[in-house]
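This is what each chain is made of:
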Amino acid sequence: MLEKKYKAKESEPKWQQFWQEKGIYKFDENSSAPVYSIDTPPPTVNGKIHIGHIFSYSQAEIMARYKRMKGFNVFYPFGFDDNGLPTERLVEKTNGIKAHQTTREHFTELCLEQTKELEKQFKKLFISAGFSCDWGHEYSTISPKAQITSQKSFIDLFNKKKVYFSEAPALWCTECRTAIAQAELETKEIPSLFNYLRFYIEGEGENFVEIATTRPELLAACQCIFIHPEDEKNKHLLGKRIRVPLFDFTVPVLEDEKVELGKGSGVVMCCTFGDLTDLEWFKKHKLTFKEAILQDGTMSAICGKYAGMPILDARKAMIADLIEQGHMIKQEKIAHNVATHERCGTPMEITIKKQWFIDILSNKQKYLDAGEKIKWYPTHMKARYRNWVENLEWDWCISRQRYFGVPFPVWYCKECGAVKVPDIADLPVNPLTSQPKTPCACGCTEFIPEKDIMDTWATSSVTPLINLDWYDDEKFRKNMTPMSLRPNAHDIIRTWDFYTIVKSLYHTDDIPWTDVMISGHVMASKGEKISKKKANSSMEPAELIEEFSADAVRLWTSSGSLGMDIVFSEEEFKNAGKLINKIWNAAKFVIIQLEGFDKTADDGSTVTLNPFNKADKPELLFMDKWIITSFNEMLRRFENNLEKYEIGLAIGELEKFFWSYCDDYIEIIKNRVYKPEIYGENARKSGLYAAYYTLLGMIKCFAIYIPHVTEEIYQGYYAQFEDAISVHVSRIEPIHTESFDSEQPLKNADIAVDIISQLRGWKSERKLSLKEEIAKAEVTLPEGVTLPDDAIVDIKATCTVKELIFTTGKELEVKVAE
C-alpha cells in the first residue's frame, strides 16, 4: 500500500542507497547481453556545478536508463577533468596567488587538495540527482591511469611522426601565460578606437600616408607597409620607405592581394603580430620577428620608454604622445570582434616559441570522412563539426607553460638536442624528477627535462581510451570500440568532439563512438548562457533538488528539443512536481483497487491475485483492449523518439498518454470497479487487469526520467509479482496480452472516448455535477464506426446517461435532449 503522500526527501536518498548497495547500475563484465557504452564528458573541476551541467548530463543519463531497461549491458563510467588551466585558475583565485609566484611542487599540492574536495562534492551532487553511473569505473584526468593513457598517446603520436617540436607562431594568453589552441578562442565584440596616423614618406619632408590602426602599441614591431597590387592611387609608394611615427625607423612598401582595395587610404601596416593576417604576411613574405609584447603582457625593450608597461597602459601612453607630436589625424570609436581566450577573456596575442604540435592540417579530409561515419543527433549539428574542420588554420599546439597537468614524457639530449621518450612500461613519468633509463643514441647520458605540461584537451581527448583501459594492452576492451555514445553540449563540438576524433583515428584508425548526442544550454535570460564564470544561476542544483526534488529537476531537464537552448524557469520545476504528485495519486488509486483483486484458494483462504498469472486473466472488455492497444502504440512512438535521442519528444508522448489514462480510462472503469454487483465481476477484473498492465508499463517508461518515485511505486506493490529486483533492471516492452489487431477498433474506441468527453463537457458548461443524470442523448457515429455493447455500457455508466440512441452520419455529433 502506498502512503497518502509521496515524500521525496525520504524516498530519494533511500533508493539511492539501495541502488548502490545492490549494484543495480554495475557493468556486468561476464554478461552476454549487447553492450551500450557512454563516453561521458568529465566535468571540469573549477568551481561549482551549475544547473546547466545537470541539464545536459541528465539527458545522457536518461538514455543510459533507457538502454539498460531495453536489455543492454550498460557501460556508464564517470570521470572528473581536474588537470590543466581551468583548475589552476580556480586555485589561484581561491588562494590569492598566481602559479608563478610559488614553487611548482607547492602549487601542485594546492591543486590536488582542492580538486579532491571538489570531486567529492560533485560526486555527491550527481548521486543526489539520481545518476545511474557505474562509480566502480570512476576516473580523474590527473590520476595515474589517465596520465599513463595521455603519455602513451603522446609517445604513439611521436613514433608515428604525428607530433612535432618546432619554434613556430603560437596563440598566446598573457593573463594565463601559456600557449593556447585555436579551439580555445572565443570571439568577443570589444569597444575600441581606430587611430588614423601619419606615416611619413622618407625623403619627402612632411608628405605622409594615412594608416589606421586599433593597436598603436605594436608600432615598434612594424615590419612593412602593404598596398594592393592593383591600387593605382598608391602605386607610387613602391620602392620607397616609410617612417614609423614615435619610433623613427623606416620600413619598405610591399604588395599583397589581401589588402582591401578601396578601403580607407588603401595602405596598411604589418606588425608582428597584430592579428592572423599579420601572421599570414609574416610567413608569405618571409619577414623577421620583432617582439613588442612579452609573454607576461608587458612591452619589450624595443618599445623604448614604453618598455615594461602593460599593453593597455602602453596603448594609452602612445596615443597621448601621437596626439602631442602631431602624428594623429583623427580617432574613431568602433566596436570590433577580437579573439579572446575562452578561459579568462583576455585578448589573444601571437608569439613565436618552441612548442609541441599535433599535425592536424594534413589530415582534414580524414576528419571530415570520420564525421560522416558518426551519427549526429540532432543531424544539423554535423554542420558545425564540418565547418570547424574546413576552417582549421593551425596545427594543434599542445604545450602549456603551466604547472598542474600531465607532463610531457620527454627529455632533450644535453649534447645533441635529440628528443628522448621513455618505454611505455615505465609510464607515468615526470621528467623533472626522473631521468631516461638508457643513453641517447649519441652516447650522452645527460638530459634536459621538458618543463611544459600538456594541454588539458590532450588528455580529455582520450577519454574513450581511458574508459576502455587502453593504457594496458591486456586490459584493453578492444571489442567495445567504438563506444556507443558521446553526449555533450554544442559549444565543445570544436574541442572535445574534434580532438577525440583526431586521437581516435591516429590511435585506433576508427571513429571513437557511433553516436553523438548534442544538448543545448540553459539560458539565465534570453541570449545569456548560465555559466560558472558569470555566476548567473539564481539557484544552485543542490538547492533546486532540496526544494523541488531530484525527480522534478530531472523532469525539467527533459523539456525542449534536443540541441536547443532553454530558459531557466523555477515555474517549470513546480509543474514537474505537480506531475509527480499526479503519477503518485493515480498509482495509489489503482493499487488500492488491486489490493482487492484476489481469488479464493483451494483451501478456502483468500490470496492476492498475481495479474501475471495467465490462468486468472479475465475476458477483456472493449475499452480495456483500447487502453492496452493505446499504450502499445504510445510505446512505439516513445521508443522511436528515444532511439533518436529525442527525450523531450518521448516524454511528451508518455505524458499525453498518462493524462488520457487518468482523465479518460480511470473514469471509465470506476463504476465497474466500485459496483461489480451491477456490472459483473469479469467487468471489474477486466478493468483492473488492464489498469495493472498499463500502469506498470507507464511506471517503467517514467522510470528513466523520474527514477525515485517510480521505484517507490514499484517496490510498494509491483515488486512482489516481478522478477526484477528494481524497476530499473526490468524491461520496457509492449503489453503482451489481448489487444486490437487492426486500426479500426482503435479508431472506434477513440470515438467512444470522444463521446464521453463531449457528454462530460456538456455538464461542465452548465455547471452540473458529473454525477448528474442525463435522461437521453443522441449520438451520430461516422460511417464505419460501431461500438460493442460493453463500450456503450461504459459510456452510459461514466456519463450517467439513462438512454443513449445511436445513428449513423458523416461525422461524430453528440446531442443531449434538454
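One can find the structure itself at the top, above this paragraph.
Just so it is clear, the model here is predicted, and its values are computed rather than measured.

## A short note on the overall build of the protein
Inference 1: Regarding its fold elements, the protein presents 22 helices and 31 strands.
Inference 2: Expressed as lengths along the three principal axes of its C-alpha atoms, the size of the protein is roughly 115 × 65 × 45 Å.
Inference 3: Within the protein, contacts between residues at least 6 apart in sequence are counted, and of these 78% link residues at least 24 apart.
Inference 4: Summing over all exposed atoms, the protein offers an accessible surface of approximately 35300 Å²; the carbon and sulfur share of this is 49%.

## Concerning the environment of leucine 649
Inference 1: Its location among the elements puts leucine 649 in helix 17 (residues 647–674).
Inference 2: Taking the C-alpha atoms as reference points, leucine 649 and serine 686, 37 residues apart in sequence, are found 31 Å from one another.

## Regarding the sheet that holds strand 30 (residues 801–809)
Inference 1: If you trace the three strands from one edge of the open sheet to the other, you get 30-29-31, paired in mixed fashion. Of all the strands in the sheet, the pair left with one neighbour each is strand 30 and strand 31 (813–816). Strand-to-strand, the axes of this sheet are offset by a mean angle of 20°, without reference to chain direction.
Inference 2: Seen against the sheet, helix 21 (residues 743–765) touches strand 29 (774–782), strand 30 and strand 31 and runs at an angle of roughly 140° to strand 29.
Inference 3: The strands touched by helix 22 (residues 789–799) are strand 29 and strand 30; relative to strand 30, the strand with the most contacts, the crossing angle is about 130°.

## Digging into the state of the cysteines
Inference 1: Tallied over the full model, the rule gives zero disulfides.
Inference 2: Just so you know, cysteine 270 is unpaired, no disulfide at all, and the nearest cysteine sulfur is the one on cysteine 224, 4.6 Å from it.
Inference 3: Among the residues examined, cysteine 270 registers a relative accessible area of 0% and is labelled buried.
Inference 4: Left without a disulfide partner, cysteine 701 is nearest to the cysteine sulfur of cysteine 662, which lies 14 Å away.

## Some words on the sheet that holds strand 18 (residues 411–413)
Inference 1: Strand order in the open sheet formed by three strands is 19-18-20, and the pairing between neighbours is antiparallel. A strand with exactly one partner marks an edge of an open sheet, and here the two such strands are strand 19 (419–420) and strand 20 (447–449).

## A word on the pattern of salt bridges
Inference 1: This structure, assessed with the given rule, holds 52 salt bridges.
Inference 2: The closest approach of N and O atoms between glutamate 643 and lysine 67, which form a salt bridge, is 3.1 Å. Residue glutamate 643 is located in helix 16 (residues 622–643), and its partner lysine 67 is located in helix 2 (residues 51–69); the two are separated by 576 residues in the primary sequence.
Inference 3: Residue classification places glutamate 643 among the partly exposed positions, given a relative accessible area of 38%.
Inference 4: Since its relative accessible area comes to 7%, lysine 67 is described here as buried.

## Some thoughts on the packing of helix 21 against helix 22
Inference 1: Where helix 21 meets helix 22, the axes come as close as 10 Å, and the angle between the chain directions of the two elements is 20°. Taken together, helix 21 and helix 22 sit at an angle that is classed as roughly parallel. Judged by the sense of rotation from one axis to the other, the crossing of helix 21 with helix 22 is right-handed. Listed contacts from helix 22 to Ala752, Ile755, Ile756, Leu759, Arg760 and Lys763 of helix 21 are Ile795, Thr798 and Cys799.
Inference 2: For the contact of helix 21 with helix 22, the per-class residue count stands at six nonpolar, one polar and two charged.

## Remarks on unusual backbone geometry
Inference 1: The residue after threonine 272, namely phenylalanine 273, is reached through a cis peptide bond having omega -10°.
Inference 2: Locating phenylalanine 273 in the fold gives a position in the loop between strand 12 (268–271) and helix 6 (276–284).
Inference 3: Along the chain, threonine 481 connects to proline 482 via a cis peptide bond; the corresponding omega equals -10°.
Inference 4: Looking at where proline 482 falls in the secondary structure, it is placed in the loop between helix 11 (463–467) and strand 22 (483–489).

## Quick notes on helix 7 (residues 311–324)
Inference 1: In a regular helix each residue adds 1.5 Å, so 14 residues correspond to 20 Å; helix 7 covers 20 Å between its end C-alpha atoms and thus fits that length.
Inference 2: Ile311, Ala314, Met318, Ile319, Asp321 and Leu322 are the residues of helix 7 that are buried. What you see down the axis of helix 7 is that its buried residues fit within an arc of 165°, all on one side. Opposite the packed face of helix 7, turned more than 90 degrees from it, sit the exposed residues Leu312, Lys316 and Glu324.
Inference 3: Where the residues of helix 7 are buried, they touch strand 7 (185–201), strand 13 (328–341) and strand 14 (349–358).
Inference 4: Glycine 326 sits one or two positions beyond helix 7 and adopts a positive phi of about 80°.

## Quick notes on the pairing of strand 30
Within a regular strand, the side chains alternate between the two sheet faces.
Inference 1: By the bridge criterion, eight bridges tie strand 29 to strand 30 in an arrangement that is parallel. When the bridges of strand 30 are listed, proline 782 appears paired with glycine 809.
Inference 2: After leaving strand 29, the chain enters helix 22 and then returns to the sheet as strand 30, a path that is right-handed.

## Regarding the nonpolar core
Inference 1: Of all hydrophobic cores here, the largest spans 133 residues; its most connected members are Trp626, Phe638, Tyr661, Tyr705, Ile713, Ile755 and Leu759.
Inference 2: When neighbours within four sequence positions are excluded, tyrosine 705 is seen to be in contact with Ile62, Arg554, Leu555, Ser558, Phe638, Leu642, Ile647, Ala650 and Ile651.
Inference 3: Core analysis: the second largest hydrophobic core is formed by 61 residues, Ala370, Trp388, Leu468 and Leu505 among them.

## Brief notes about the packing of aromatic side chains
Inference 1: Within this structure, the stated rule accounts for 54 aromatic pairs.
Inference 2: With a centroid separation of 4.8 Å and an interplanar angle of 55°, the aromatic rings of phenylalanine 78 and phenylalanine 126 are classed as tilted. Linking phenylalanine 78 in strand 3 (residues 78–80) with phenylalanine 126 in helix 4 (residues 104–128), this pair joins segments that are 48 residues apart in sequence. Each member of the pair phenylalanine 78 and phenylalanine 126 is classed as buried.
Inference 3: An aromatic cluster of three or more residues is present, and its members are Tyr57, Phe78, Phe80, Phe122, Phe126, Phe131 and Trp135.
Inference 4: Positioned over the ring face of tryptophan 470 is lysine 152, at 4.4 Å from the centre of the ring.
Inference 5: Positioned above the aromatic ring of phenylalanine 208 is the side chain of arginine 198, whose terminal nitrogen or guanidinium carbon lies 5.1 Å from the ring centre.

## Quick word on the side chain of aspartate 134
Inference 1: Note that aspartate 134 resides in the loop between helix 4 and strand 4 (138–140).
Inference 2: Buried and without a salt bridge, aspartate 134 has lysine 26 as its closest oppositely charged side chain, separated by 5.1 Å.
Inference 3: Dropping the residues within four chain positions of it, aspartate 134 is found in contact with Tyr25, Lys26, Phe27, Tyr76 and Pro77.

## Remarks on the side chain of histidine 50
Inference 1: By the element assignment, histidine 50 lies in the loop between strand 1 (35–37) and helix 2.
Inference 2: Residue classification places histidine 50 among the buried residues on the basis of a relative accessible area of 11%.
Inference 3: A polar atom in the side chain of histidine 50 sits 2.9 Å from the backbone nitrogen of glycine 52.

## Here's the deal with the packing of helix 2 against helix 16
Inference 1: Remark: helix 2 packs on helix 16, axes separated minimally by 11 Å, with the N-to-C direction vectors making an angle of 125°. Put simply, helix 2 runs oblique to helix 16. The element helix 2 and its partner helix 16 pack so that their crossing is left-handed. Judged by residue contacts, Met63, Tyr66 and Lys67 of helix 2 engage Glu639, Leu642 and Glu643 from helix 16.
Inference 2: Looking at the contact of helix 2 with helix 16, its residues break down into three nonpolar, no polar and three charged.

Procedures and definitions
- Residues numbered from 1 in each chain as written.
- Predicted model: local features only at pLDDT ≥ 70, side-chain atom pairs only at ≥ 80, totals over all residues.
- Heavy atoms only, no water.
- Helix = DSSP H or I, 4+ residues; strand = E, 2+ residues; numbered from the N terminus.
- Contact = heavy atoms within 4.5 Å.
- Areas by Shrake-Rupley, 256 points an atom, 1.4 Å probe, with all protein chains shown as cover.
- Pairing = 2+ DSSP bridges.
- Axes fitted to C-alpha atoms, helices over the stretch in contact; angles between N-to-C directions.
- Disulfide = S-S within 2.5 Å.
- Buried < 20%, exposed > 50% of the residue type's maximum accessible area, 1.4 Å probe, protein only.
- Salt bridge = Lys/Arg side-chain N within 4 Å of Asp/Glu carboxyl O.
- Parallel < 35°, antiparallel > 145°, perpendicular 65-115°, else oblique.
- Left-handed = near helix turned anticlockwise from the far one by under 90°.
- Nonpolar A, V, L, I, M, F, W, Y, C, P; charged D, E, K, R; others polar.
- Expected span 1.5 Å × (residues − 1).
- Arc of directions from axis to C-beta.
- Right-handed = clockwise from strand over helix to strand, strands pointing away.
- Core = buried A, V, L, I, M, F, W, Y, C linked by side-chain atoms within 4.5 Å.
- Phe/Tyr/Trp six-rings, centres within 6.5 Å; stacked < 30°, edge-to-face > 60°.
- Lys NZ or Arg CZ within 6 Å of the ring centre and 35° of its normal.
- Lys, Arg positive; Asp, Glu negative; His and termini not counted.
- Polar contact = N/O pair within 3.5 Å; in protein donor to acceptor, adjacent residues only side chain to side chain.

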